[in-house]
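Chain and residue survey
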Amino acid sequence: MKKHNFSAGPCVLPREVIESSAHALLDFNNSGLSLIEISHRSKDFVEVMERARSLVKKIMKINDTYEVLFLQGGASLQFVMVPNNLLSKKSGWAAYLDTGTWASNAIKEAQRFGKVQIVASSRDKNYTYIPKSFSSLKEADYFHCTSNNTIYGTQMKVFPKLNLPLVCDMSSDIFSRNINFSDFDLIYAGAQKNMGPAGTTLVVVKKELLGKTERNIPNYLNYQLHIDKKSMLNTPSVFAVYTSMLTLEWIENKGGLSVIKQLNEEKAQILYEEIDRNPLLQGVVSLEDRSNMNATFILRRPELSCDFDQIWQEAGIVGLKGHRSVGGYRASMYNALSIESVRTLTETMKEFARRFT
Ligand SMILES: *Cc1c(COP(=O)(O)O)cnc(C)c1O
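Description of the structure in this document. For clarity, every value in this text was computed on a predicted model and none was experimentally measured.

Calculation rules
- Residues numbered from 1 in each chain as written.
- Predicted model: local features only at pLDDT ≥ 70, side-chain atom pairs only at ≥ 80, totals over all residues.
- Heavy atoms only, no water.
- Near = heavy atom within 4 Å.
- Polar contact = N/O pair within 3.5 Å; in protein donor to acceptor, adjacent residues only side chain to side chain.
- Helix = DSSP H or I, 4+ residues; strand = E, 2+ residues; numbered from the N terminus.
- Contact = heavy atoms within 4.5 Å.
- Pairing = 2+ DSSP bridges.
- Axes fitted to C-alpha atoms, helices over the stretch in contact; angles between N-to-C directions.

1. Regarding the site of the ligand
Every one of the 13 residues lining the ligand counts as a neighbour, but Ser-76, Thr-150, Asp-169, Gln-192 and Lys-193 are closest to it. Here an oxygen atom of the ligand and a side-chain polar atom of Thr-150 are 2.4 Å apart. Gln-192 is positioned such that a nitrogen or oxygen atom in its side chain is 2.9 Å from an oxygen atom of the ligand. Take the shell around the ligand: its biggest share by element is four residues, from helix H3 (residues 74-86).

Structural data, given as structure tokens:
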């Protein structure tokens, strides 16, 4: 039976990407060898890394003042690398926007390296909205935000225009819409939400930002060294980079981010319309901050959860339960999720309402 994968991450990837990467595991470029049994320094793999890096630039429409890296350690290691490289050791401080679990984790790591100020937080309402105004940011070394809050289902629709380096964790909505990436100074994203398998992390960094802290940065944490070594400072996660490259090609072939954005908006609209219409369902975040990637909702009659679960599970839907820290439900609609899957979900919601109202 066809599965409709609404998992939050790792998550659905385009079928053709999975098929091509499965083939490369058996026989990479007709070499008679598997992708994961060749040297990462071989010509064939260096080409993969370079193609992946240049596709990111092309799709994001960013120029050569930026460098693209495929690192390891997930977005979680970026919580450490960002302050290590950008927070000046002597008098500096960093401004952080607290919009939920991942943002809070980034804050905790940065606090190990220097002064951090939380310039706004939506913690007062259990992270169900995006704060729009901030306490004074002047003189901060950088401003850090999280574009999409995977667990709570909120998404930043506009980004503050500040006279500061803008750093953003885009792990769960990277390549989902055509924002102006040149407004950012450093973007990072774990691959496993919209780009590929777990194991690699995309970092896009403006070169002029680096080399200003007086810190003695450990080699692996030093962006400049990764740039100098063309993202091959140590053995990269070849399978994850290759699969990410295939997904980037898929995005290109679809027509780029403007097309992807439209599809994602259409999917989100279909789902939120049903959540708002359905007498048994209730959205949990403020309307203007709703995420197009992760839609969170609860049942108006929680005692019906077993009945609802049975209906969607029988339709082949998986991954609909909310994050263990917040409960409720969460439908993640990453790029590769089809409109058909969203319609299958809204049909089960309608069926649920028919049976229980
Ligand atoms: C999943 C997620 C993370 C954590 O990513 P890892 O790669 O597992 O470290 C960080 N930030 C956001 C917004 C996420 O969705």
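2. Brief notes about the environment of Phe-308
Relative to the helices and strands, Phe-308 resides in helix H8 (residues 305-314). When the C-alpha atoms of Phe-308 and Ser-122 are compared, they prove to be 30 Å apart, with 186 residues separating the residues in sequence. Excluding anything up to four places from it in sequence, Phe-308 contacts Phe-297, Leu-299, Leu-320, Tyr-329, Met-349 and Phe-352.

3. A look at the sheet that holds strand S9 (residues 186-190)
Pairing is mixed across the open sheet formed by seven strands, whose spatial order is S2-S10-S9-S8-S5-S3-S4. At either end of the open sheet lies a strand with only one pairing partner, and these are strand S2 (66-71) and strand S4 (115-121). When strand polarity is set aside, the average angle formed by the axes of neighbouring strands in this sheet is 15°. In terms of strand pairing, strand S3 (residues 93-98) meets strand S5 (residues 142-146) through three bridges, oriented parallel. Looking at the pairing, Ala-94 lines up with Tyr-142 of S5. Contacts from H3 reach S2, S3, S5, strand S8 (166-169), S9 and strand S10 (201-206) within the one sheet, and its direction differs from that of S9 by about 160°.

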